[in-house]
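These are the residues of each chain, in order.
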Amino acid sequence: MVVAVKGYKQIVEPVRGFVHVCDCYVTMVAVTDTGAPKKGIPQIQCSTPEEEAYREHAILRKDVHSKWDKLEIELSKRQNLKIEDILDPLNNLNKTEFLTIPQTEVKVKRHFFVKHENNHKTIFGGEVLQWIDKIATHTARNFTKNPYMWTVSMSRVVFKKPIYVRDVVELIAHVVYVRTHVLEVEINVSIQRMGGPKVSSHSAHFMIINADENGNKQPLKVGLRLEEEDQKSMMIYLKAKER
């Protein structure tokens, strides 16, 4: 099922009221006590134009994700990537410093605690999302040396495996794309259980804006340096560009 969430904040100036600040669509799976998919979920009946618009938007987003999955497969087949073929000119515009994608890496390990569990004894997804958002923002601030970096959107946040209290959780973040005022941070999370192999559990992409202390966007001064000898980073950049 897909859950649509619309967020508002209350303001008092210039006029008291609520201002729309965010939207998100969350794909969720109903499960039984044993974690198996639960059947018999009620069907949704739209009774207003607004509800129908939500449904159509959710279908559109599903289609966009499906197209991206196919595009990603096709991009992965490309070899011998050349900088002149994939570099976005905005990456270099007004930049005074350049780092390679590996140089932007931030790696963090942690455990979650019982207080972070949901009723299925796995770590609540909101706790994981809050954590990776903080690390994504830190990665952007570390890249720009600017404390005023804010998340403006997140996409393709995928929860592949549940996390348990006993798991060692590792997060690796990289800046993978830079434009004029915003950059993209890619997050990959893996888990390791006692005596078991490390497996991928979560992934996400965050668009983060460069701002000043008043929240006004500012041009980025740091860009990414691509090197054709590092085809892995070239592919990561290309996928971010096409995303």
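Rules and cut-offs
Residues numbered from 1 in each chain as written. Predicted model: local features only at pLDDT ≥ 70, side-chain atom pairs only at ≥ 80, totals over all residues. Heavy atoms only, no water. Salt bridge = Lys/Arg side-chain N within 4 Å of Asp/Glu carboxyl O. Helix = DSSP H or I, 4+ residues; strand = E, 2+ residues; numbered from the N terminus. Buried < 20%, exposed > 50% of the residue type's maximum accessible area, 1.4 Å probe, protein only. Pairing = 2+ DSSP bridges. Axes fitted to C-alpha atoms, helices over the stretch in contact; angles between N-to-C directions. Contact = heavy atoms within 4.5 Å. Expected span 1.5 Å × (residues − 1).

### Structural notes on the pattern of salt bridges
A full pass over the atoms with the stated rule returns 15 salt bridges. We note a salt bridge from Lys 239 to Glu 72, for which the minimum N-O separation is 4.0 Å. Linking Lys 239 in helix α4 (residues 231-242) with Glu 72 in helix α1 (residues 49-76), this pair joins segments that are 167 residues apart in sequence. Overall, Lys 239 belongs to the buried group, its relative accessible area being 16%. The shortest N-O distance in the salt bridge between Glu 227 and Arg 225 comes to 3.4 Å. Taking the relative accessible area as the measure of exposure, Arg 225 reaches 34% and is therefore partly exposed. One continuous salt-bridge network, built from bridges that share partners, spans Lys 109, Glu 170 and Lys 198.

### Describing the sheet that holds strand β5 (residues 149-159)
Taken together, the five strands give an open sheet; going across it, the order is β4-β6-β7-β8-β5, and neighbouring strands pair in antiparallel fashion. Every interior strand has two partners, whereas the edge strands, β4 (106-110) and β5, have only one. Averaged over all adjacent pairs, the angle separating strand axes in this sheet is 20°, with direction ignored. In terms of strand pairing, strand β7 (residues 182-192) meets strand β8 (residues 198-210) through 11 bridges, oriented antiparallel. Bridge pairing links Leu 183 to Ile 208 in β8. Contacts between α4 and the sheet are confined to β6 (168-178) and β7, with β6 contributing the most and set at about 70° to the helix.

### Re α4
Turn by turn, an α-helix covers 3.6 residues, leaving residues three or four places apart pointing in a common direction. An ideal rise of 1.5 Å per residue puts 16 Å on 12 residues; α4 measures up with 16 Å between its terminal C-alpha atoms. Among the residues of α4, Ser 233, Met 234, Met 235, Tyr 237, Leu 238, Lys 239 and Ala 240 are the ones counted as buried. Taken together, the buried residues of α4 touch α1, α2 (83-86), β6, β7 and β9 (222-224).

### Description of the environment of Glu 51
Looking at the secondary structure, you find Glu 51 in helix α1. According to the relative accessible area criterion, Glu 51 is partly exposed, its value standing at 34%. Put simply, Glu 51 and Ala 4 are 47 residues apart on the chain and 9.9 Å apart in space, counted from C-alpha to C-alpha.

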